[in-house]
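Structural overview for review
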Amino acid sequence: MSILILGGTAEADILADLLRGHGIEFTYSLAGVTPNPKARVYPLHIGGFGGVIGLARYLTQNTVNMLVDATHPFASEMTKNALAASIQANVPMLRFERPEWDEPENANWAHAESLDQAAKILPAGARVFLSVGAQSMAEFAHRSDVDFVSRSIKPPSSPFSKTIVAKPPFDVAGEVHLFSKYRITHLVSKNAGGDQTSAKLVAAKQLGIKVIMVERPTPPVAEIARDITTAMAWIERRL
Ligand code: NAP
């Protein structure tokens, strides 16, 4: 029995710890893009597989018989590849998809279908806290009429003048302090879900900051678990 977890998220780590606790063997895979990843005490695969063909080959050669895609909701390339490779290699796949953030009552959110649309919505002169990940910041670079403060785990390739590099989790008091310090008027965020980075939304509501929420790409059709218990049950049924 061999399980491959596509990780890089807090929930993938929780699932890995649970499997380890149950004595179930697995390999955990990371894209290898985050600097200084945390130490892990189970077998790791670091770096891409080489698209659908490469992943299908890996599944077959390593006699993987369960694939769990627990990558980030915006890691859409990996999710698409995982489903296609699982079909090609005839390996059952589960997509772990953490619930989205819902707009709280009396919050001031606008919804964008894409990063491009979010960049268009921002009014000239806005002071924007950009929280979309280092790889997605280039989409906003052309808005020279907007004042950006960006925050990401790794430095963006074309940093804005105010660039913060920090790792979640973040708390509400810290976010309120940051937004007040920079007199933020707008927050741009991907609808990542989860509680590691949700404090910014509470802080934005408290301070009356407009949130531009970039909605998720539609995931390809796959079996989906929205919580760890369901994901564990899916795995245990197949052991
Ligand atoms: P992506 O655009 O969907 O994937 C790009 C390529 O990176 C994939 O085609 C694959 O390369 C490789 N890859 C991605 N995840 C991998 C994994 N877990 N193990 C091995 N290879 C992987 O992904 P992304 O948005 O760049 O995200 C990369 C990683 O960061 C993911 O693990 C994701 O969970 C994590 N992450 C992403 C975000 C975000 O906002 N997108 C936020 C937080 C964390 P090959 O085609 O060569 O196999």
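Our subject is the structure that appears above.
Please read all numbers here as calculations on a predicted model, not as lab measurements.

About the criteria used
- Residues numbered from 1 in each chain as written.
- Predicted model: local features only at pLDDT ≥ 70, side-chain atom pairs only at ≥ 80, totals over all residues.
- Heavy atoms only, no water.
- Pairing = 2+ DSSP bridges.
- Helix = DSSP H or I, 4+ residues; strand = E, 2+ residues; numbered from the N terminus.
- Axes fitted to C-alpha atoms, helices over the stretch in contact; angles between N-to-C directions.
- Contact = heavy atoms within 4.5 Å.
- Parallel < 35°, antiparallel > 145°, perpendicular 65-115°, else oblique.
- Left-handed = near helix turned anticlockwise from the far one by under 90°.
- Nonpolar A, V, L, I, M, F, W, Y, C, P; charged D, E, K, R; others polar.
- Phe/Tyr/Trp six-rings, centres within 6.5 Å; stacked < 30°, edge-to-face > 60°.
- Buried < 20%, exposed > 50% of the residue type's maximum accessible area, 1.4 Å probe, protein only.
- Near = heavy atom within 4 Å.

Right, let's get into the sheet that holds strand β9 (residues 162-165). Strand order in this open sheet of six strands is β6-β11-β10-β7-β8-β9, and the pairing throughout is parallel. Looking at strand neighbours, the two that pair on one side only are β6 (109-112) and β9, the edges of this open sheet. Neighbour-to-neighbour, the strand axes of this sheet turn through a mean angle of 20 degrees, independent of strand direction. Across four bridges, strand β7 (residues 127-131) lies against strand β10 (residues 186-190) in parallel orientation. By the bridge assignment, L130 is partnered in β10 with V188. On the sheet, helix α6 (residues 199-207) packs against β6, β7, β10 and β11 (210-214) and is oriented at approximately 155 degrees with respect to β10.

The packing of two helices is summarised by the inter-axis angle and the distance between the axes. In the contact formed by helix α2 (residues 51-61) and helix α3 (residues 76-89), the axes pass within 8 Å of each other and the chain directions differ by 50 degrees. Accordingly, the angle class assigned to the pair α2 and α3 is oblique. Handedness of the α2/α3 crossing: right-handed. When α2 is examined against α3, the residues G51, V52, I53, L55, A56, L59 and T60 are found in contact with a partner set consisting of M78, N81, A82, A84, A85, S86, Q88 and A89. Of the residues contributing to the contact of α2 with α3, the split by class is 10 nonpolar, five polar and no charged.

To continue, consider the packing of aromatic side chains. Applying the stated criterion across every chain, the model contains six aromatic pairs. Aromatic side chains F26 and Y42 sit 4.9 Å apart centroid to centroid with 50 degrees between the ring planes, which places their arrangement in the tilted category. Of the two residues, F26 is situated in the loop between α1 (10-21) and β2 (27-30) and Y42 in the loop between β2 and β3 (44-46); the sequence distance between them amounts to 16 residues. Considered together, F26 and Y42 belong to a single accessibility category, that of buried residues. Ring geometry for Y28 against Y42: centres 5.6 Å apart, planes inclined by 45 degrees, an arrangement best described as tilted.

What follows concerns the site of the ligand. The environment of the ligand is formed by 22 residues, the closest being S29, F49, G50, H72 and M78. Listed by contribution, the elements that provide at least two residues to the shell around the ligand are β2 and α3. The leading source of residues in the shell around the ligand is α3, at four residues. The residue inventory of the shell around the ligand, partitioned by class, reads seven nonpolar, 13 polar and two charged.

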